[in-house]
Amino acid sequence: YVAEQFRPPAYILLIDKPLPQTGYTLVQHLRHRPRGHRLPVIVLAPTPDAVRQAYTDGANCALLRPQQEDQLREVLTDLHVFWTEIAQQPGRVLN
């Protein structure tokens, strides 16, 4: 009964912090899971190289993380609106 009421998230947002030798194993892990391979994964990365790596690992969207709090808030709001109201996702197609 509980599983029937579970609704998967619209997306997963990863705010990358430069941790040595961790890579994007979560993105890679999600891409190999039955329920995670279609789930949109968004990465806010600290460097252009980290953005490129996020795409290599299977992220749907990767961008440089804004350094200013107000810019970060605006980016997060825009991403949320896009992935929940604009993007047409499998299982969430709007009528």
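Residues numbered from 1 in each chain as written. Predicted model: local features only at pLDDT ≥ 70, side-chain atom pairs only at ≥ 80, totals over all residues. Heavy atoms only, no water.

Caption draft 1: Molecular detail of the packing of aromatic side chains. On inspection of all chains with the given rule, the structure shows one aromatic pair. Ring centres of F82 and W83 lie 5.1 Å apart, and the angle between their planes is 90°; on these two criteria the pair is classed as edge-to-face. A residue is classified by how much of its surface remains accessible, and F82, at 36% relative accessible area, is partly exposed. Residue classification places W83 among the buried positions, given a relative accessible area of 12%. (Phe/Tyr/Trp six-rings, centres within 6.5 Å; stacked < 30°, edge-to-face > 60°. Buried < 20%, exposed > 50% of the residue type's maximum accessible area, 1.4 Å probe, protein only.)

Caption draft 2: Main features of the pairing of strand β2 (residues 41–45). In terms of residue burial, β2 counts as a mostly covered element, since five of its five residues are buried. Here β2 shows a buried face lined by V41, V43 and A45 and a second buried face lined by I42 and L44. As paired strands, strand β1 (residues 12–15) and β2 are joined by four bridges and run parallel to one another. Looking across to β2, one finds that I15 is bridged to L44. Following the chain from β2 across helix α3 (residues 48–56) to the adjacent parallel strand β3 (residues 61–64), one finds a crossover that is right-handed. (Helix = DSSP H or I, 4+ residues; strand = E, 2+ residues; numbered from the N terminus. Pairing = 2+ DSSP bridges. Right-handed = clockwise from strand over helix to strand, strands pointing away.)

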